[in-house]
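# Residue-level structural notes
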Amino acid sequence: MTAPSPLPGPHAPSLDLGGRTALVTGAAGGIGRACVLRLAAAGAKVRAVDRDAAGLSALAEPAAGLPGTVEAHVLDLTDLDAAEHAAAGTDILVNNAGLQLVRPLEEFPPDVFHTVLTVMLEAPFRLIRGALPHMYGQGWGRIVNISSVHGLRASAYKSAYVAAKHGLEGLSKTAALEGAAHGVTSNCVNPGYVRTPLVEQQLADQARAHGIPEERVLTEVLLQDTAVKRLIEPEDVAEAVAYLCGPHT
Ligand code: NAD
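Note that residues are indexed from 1 along each chain, following the sequence as it is written. The predicted origin of the model limits local features to residues at a pLDDT of at least 70 and limits the giving and counting of side-chain atom pairs to 80 or more, whereas totals for whole chains, interfaces and linings rest on all residues. The side-chain values count all of the structure's non-hydrogen atoms but skip hydrogen atoms and water molecules.

## Digging into the pattern of salt bridges
- Put simply, a salt bridge is a Lys or Arg side-chain nitrogen that is within 4 Å of an Asp or Glu carboxyl oxygen. For the structure on display, the rule yields nine salt bridges.
- A salt bridge links Arg-38 to Glu-239; the shortest N-O distance between them is 2.9 Å. You can see Arg-38 sitting in helix α1 (residues 30–41) and its partner Glu-239 sitting in helix α10 (residues 234–244), a full 201 residues away along the chain.
- A salt bridge links Asp-205 to Arg-208; the shortest N-O distance between them is 2.5 Å. One end of the pair, Asp-205, and the other, Arg-208, are both in helix α8 (residues 203–210), three residues apart, so they sit about a helical turn from each other.
- Partly exposed describes any residue whose relative accessible area lies between the buried limit of under 20% and the exposed limit of over 50%, with all areas from a 1.4 Å probe on protein chains only and scaled to the type maximum. You can call Arg-208 exposed: its relative accessible area is 60%. A run of H or I in DSSP becomes a helix once it reaches four residues, and a run of E becomes a strand once it reaches two; helices and strands are each numbered from the N terminus.

Below you can see the structure in the form of structure tokens.
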């Protein structure tokens, strides 16, 4: 992987991450799970981090037989020291873990606001901080931050999530500027609505906040401003992540 790669073209070889280590947070479900399997399919040795032990265990079956390996690491990212420690020595870092609460600002619980900012902004900072010494030491590293359309635009009733994602955009840009001279790239991926538990679990909250029945939320709220009227699949996002972990970024 250290040899210069040819430019991509119609006959470019598929992504080869053999010999690379990767850490993916929020790996037990949704987008994180798809990223773990995609990177392992490319040959990476993936450390799958989540607080959901059962969800991590469920990765074993689909990971069996892939060229790479998947190692489960149960960790609550609000333990920031442990998060920083866990990132030491990784070549690829995918900051993906996230949570959502849909609630008007005046009713938004301060403790939830704090937790969202901790998991979705401060933990990525600590993970990057933990990963950089090794990446800088070898002159190569890939940081991919799963942001969102909400890193670029706001939606009503999502103050903590929108604030965290806007912060993550700034963190990612700063890491890109500092890392460039060391062969380390940092990029954000900004999906619209993806078919995951995070979206499915907010349908009831959205219905309540907008005063409409739950079955109308998908078309009238979530996909209202989306050109293509369908949810994105987690594997679509994982493909973009895989590209950003390769040699062409
Ligand atoms: P998800 O709920 O399916 O997965 C999130 C994972 O994060 C879960 O496995 C959960 O256990 C883990 N997690 C949450 N808090 C944690 C903590 N304290 N410590 C460790 N793990 C923790 O959600 P998803 O939709 O797959 O979202 C993944 C990322 O993608 C998030 O950052 C989210 O903001 C982003 N995103 C999602 C969508 C979407 O429509 N689903 C759109 C754009 C961006």
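There is more to say, and it comes next.
## Describing the site of the ligand
- Nearness is defined per residue: one heavy atom within 4 Å of the molecule or strand is enough. Every one of the 27 residues lining the ligand counts as a neighbour, but Asp-50, Asn-96, Tyr-161, Val-194 and Thr-196 are closest to it.
- As used in this structure description, the phrase polar contact means that two N or O atoms lie within 3.5 Å; if the pair is within protein, one of them must be able to donate a hydrogen and the other to accept it, and residues adjacent in sequence are counted only when both atoms belong to side chains. Asp-76 places a polar side-chain atom, nitrogen or oxygen, 2.9 Å from a nitrogen atom of the ligand.
- Separating an oxygen atom of the ligand from a side-chain N or O atom of Lys-165 is a distance of 2.8 Å.
- For accessible areas, the Shrake-Rupley method is used with a probe of radius 1.4 Å. Any residue's cover is judged against the shown protein chains and nothing else. Look at the ligand: alone it shows 830 Å² of surface, and the protein chains cover 94% of it.
- For the shell around the ligand, the elements supplying multiple residues, two or more each, are α1, α6 (159–179) and α7 (197–200).
- Of the residues forming the shell around the ligand, the biggest block, three residues, is contributed by α7.

## With respect to the packing of aromatic side chains
- Here is the rule: rings of Phe, Tyr and Trp (six-membered ring for Trp) pair when centre to centre is within 6.5 Å. Planes less than 30 degrees apart are stacked, more than 60 are edge-to-face, and the remainder are tilted. Per the stated rule, a full pass over the model turns up one aromatic pair.
- With 6.2 Å between their ring centres and 85° between their planes, Phe-108 and Phe-113 make a pair best called edge-to-face.
- Residue Phe-113 is classed as partly exposed on the basis of its relative accessible area of 30%.
- By definition here, charges over rings are those cases where NZ of Lys or CZ of Arg is within 6 Å of the ring centre and within 35 degrees of the ring normal. Its guanidinium or amino end placed over the ring of Trp-140, Arg-20 lies 3.6 Å from that ring's centre, counting from NZ or CZ.

## Let's talk about the environment of Ala-238
- Within the secondary structure layout, Ala-238 lies in helix α10.
- What makes Ala-238 buried here is its relative accessible area of 2%.
- Taking the C-alpha atoms as reference points, Ala-238 and Arg-129, separated by 109 residues in sequence, lie 23 Å from one another.
- Once residues lying within four places of it in the same chain are set aside, the contact partners of Ala-238 are Ala-34, Cys-35 and Arg-38. Only heavy atoms enter the contact rule, under which two residues are in contact if any of them lie within 4.5 Å.

## Things to note about the side chain of Thr-25
- Of note, Thr-25 is situated in strand β1 (residues 21–25).
- Taking relative accessible area as the criterion, Thr-25 reaches 2% and is therefore assigned buried.
- Setting aside anything within four residues of it in sequence, one finds Thr-25 in contact with Gly-32, Val-49, Leu-77, Val-94, Asn-95, Asn-96, Ala-97 and Leu-127.

## Brief notes about the side chain of Ser-172
- Positionally, Ser-172 belongs in helix α6.
- We classify Ser-172 as buried; its relative accessible area is 3%.
- Beyond its immediate sequence surroundings of up to four residues, Ser-172 is in contact with Asn-145, Ser-186, Asn-187 and Cys-188.

## Concerning the sheet that holds strand β6 (residues 184–189)
- DSSP-based pairing: two strands are paired if at least 2 bridges between them are found. Pairing in this open sheet of six strands is parallel, and the strands run β3-β2-β1-β4-β5-β6 from one edge to the other. Edge positions in the sheet fall to β3 (69–74) and β6, since each has one partner strand and no second. Taken pair by pair, the neighbouring strands of this sheet meet at an average axis angle of 15°, ignoring direction.
- Strand direction decides the pairing type here: strand β5 (residues 141–146) and β6, joined by six bridges, are parallel. Counterpart to Val-144 in the pairing with β6 is Asn-187. Inter-axis angles, ranging from 0 to 180 degrees, are taken between N-to-C directions of lines fitted to C-alpha atoms, where helices are fitted over the stretch in contact.

## A look at the pairing of strand β4 (residues 92–95)
- Of the two faces of β4, both are covered, the one formed by Ile-92 and Val-94 as well as the one formed by Leu-93 and Asn-95.
- Of the strand pairs in this sheet, β4 and β5 are connected by four bridges, and their pairing is parallel. Looking at the pairing, Leu-93 lines up with Ile-143 of β5.
- Handedness of a crossover: with both strands directed away from the viewer, a clockwise path from the first strand across the helix to the second marks it as right-handed. Handedness of the β4-helix α5 (residues 110–138)-β5 crossover: right-handed.

Keep in mind these values describe shape, not function.
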